[in-house]
Amino acid sequence: MTLPRIVSREEWRTAREELLAKEKAATRARDALAAERRGLPMVEVDKEYVFESGDGKATLLDLFAGRHQLVVYHFMFAPEWDAGCRSCSAFLDQIGHLAHLRARGTEFAAVSRAPYTKILPFKARMGWTLPWYSSRESDFNYDFQASFGGDEPYERPGMSCFLREHDRVFHTYSTYERGLDGLGSTTTLLDLTALGRQEEWERPAGRASVLGAPAGSERIRYHDEYED
């Protein structure tokens with residue numbers, strides 16, 4: 001195994017400061033990219049999709065649970081499989097407490113093509129409590145390019161973001177496979193959405209007060225102190 005060089009504390013500090021300058025530049029570039037993402041146009045979703053959960057049938061609008069935004073994780077779990085994808089399972093394991101997303105008017109849900117009768121026991125095995133729906137009875141996964149048919153059908157992991165305006169639903173963003181690298185925390189998921197972290201410094205301006213609540217970080221509480 002090749003290990004880092006052994007140096008003095010002074011040499012380490014110099015090297016660390018050089019790297020820090022590059023890390024700060026990367027942070028500024030990431031912020032600029034997130035602003036461009038929030039500037040993307042959106043497309044109205046006028047097709048009816050049917051999902052299944054423990055509460056019965058649901059529409060895409062229902063998946064918002066009354067919130068302004070929805071982040072969907074396209075979990076690879078084909079109808080013929082006996083268990084969900086291992087890599088997708090590792091991804092869901094790192095999702096934090098949803099109260100912090102919900103405090104910013106954003107819901108999170110996993111969606112798979114497997115029937116709910118297979119999803120439910122696997123979800124229990126993994127110990128997850130987050131919402132998970134079956135899209136088996138609709139073209140949702142195919143329309144949002146997480147599943148592909150043809151002679152060699154296959155699945156791929158992905159994330160799609162949606163914005164709600166009253167009863168109208170809009171698709172704002174999707175990313176797949178390596179685009180999921182580094183995602184999983186509350187802030188990284190919010191950075192994918194049209195409203196972002198809802199901080200005053202974010203651009204485009206004017207989206208921090210959409211929910212009629214204090215902006216971004218001023219809204220953070222212990223997860224058991226939020227008012228839904």
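Above this text you will find the structure in question.
Residues numbered from 1 in each chain as written. Predicted model: local features only at pLDDT ≥ 70, side-chain atom pairs only at ≥ 80, totals over all residues. Heavy atoms only, no water.

### Quick look at the overall build of the chain
The condition that has to hold: Put simply, DSSP H or I for four residues or longer makes a helix, DSSP E for two residues or longer makes a strand, and each gets a number counted from the N terminus. Relative accessibility thresholds used throughout: buried, under 20% of the residue-type maximum; exposed, over 50%; partly exposed, between the two (1.4 Å probe, protein chains only). Here, residues are in contact when the closest pair of their heavy atoms is within 4.5 Å. Areas reported as accessible are Shrake-Rupley estimates using a 1.4 Å probe. Residue values count occlusion only from the protein chains shown. His is not counted, nor are the chain ends; Lys and Arg add positive charge and Asp and Glu add negative charge. By convention, charge coordinates are those of NZ in Lys, CZ in Arg, CG in Asp, or CD in Glu.
Counting its regular elements, the chain contains seven helices and ten strands. Structurally, the chain occupies a C-alpha span of about 60 × 50 × 35 Å along its principal axes. By residue count, 43% of the 228 residues in the chain fall in the buried class. Considering only contacts within the chain whose residues lie at least 6 apart along the sequence, 62% involve residues at least 24 apart. Surface exposure of the chain reaches about 13400 Å², of which carbon and sulfur atoms provide 50%. Averaged over its 30 positive side-chain charges, the chain has a centre that lies 5 Å from the centre of its 36 negative ones.

### Some points on unusual backbone geometry
Following R203, the chain continues to P204 via a peptide bond in cis, the omega torsion being 0 degrees. For P204, the position within the fold is in the segment after helix 7 (186-190). The phi torsion at A65 lies on the positive side, around 55 degrees, for a residue other than glycine. Position of A65 among the secondary structure elements: in the loop between helix 2 (60-63) and strand 4 (69-74).

### With respect to empty space enclosed by the protein
Our working definition: Note on definitions: the grid is 1 Å and covers protein atoms alone; a cavity is a set of points where a 1.4 Å probe fits but cannot get out; a pocket is an open set with protein on both sides within 12 Å along at least five of seven lines; lining residues have an atom within 4 Å of a point. Grid points are joined across faces, edges and corners, and a volume is the space filled by probe spheres set on the points. Note that Gly is not counted as nonpolar here; it falls among the polar residues with everything else outside the nonpolar set of Ala, Val, Leu, Ile, Met, Phe, Trp, Tyr, Cys and Pro and the charged set of Asp, Glu, Lys and Arg.
Following the criterion strictly, the structure yields three cavities of 30 Å³ or more and no others. In this structure, the largest cavity encloses a volume near 40 Å³. Taken together, R30, D31, A34, R38, D191, R197, W201 and E202 make up the full set of residues lining the largest cavity. Across the lining of the largest cavity, the residue classes break down as two nonpolar, no polar and six charged.

### Some thoughts on the nonpolar core
The condition is simple: Throughout this description, the term nonpolar core refers to a set of buried Ala, Val, Leu, Ile, Met, Phe, Trp, Tyr and Cys residues connected via side-chain atoms within 4.5 Å.
Ranked by internal contacts, the top residues of the largest apolar core, which has 29 residues, are Y73, F75, F91, L92, F108, W132 and M159. Of all the elements in the fold, those that place two or more residues in this core are strand 4, helix 3 (86-93), strand 5 (106-112), helix 5 (116-126), strand 9 (158-165) and helix 7. Once residues within four sequence positions are removed from consideration, F75 is found in contact with G84, C85, C88, S89, L92, A110, V111, S112, F122, W128 and W132. In this structure, V45, L60, F140 and V169 belong to the second largest nonpolar core, which totals 16 residues.

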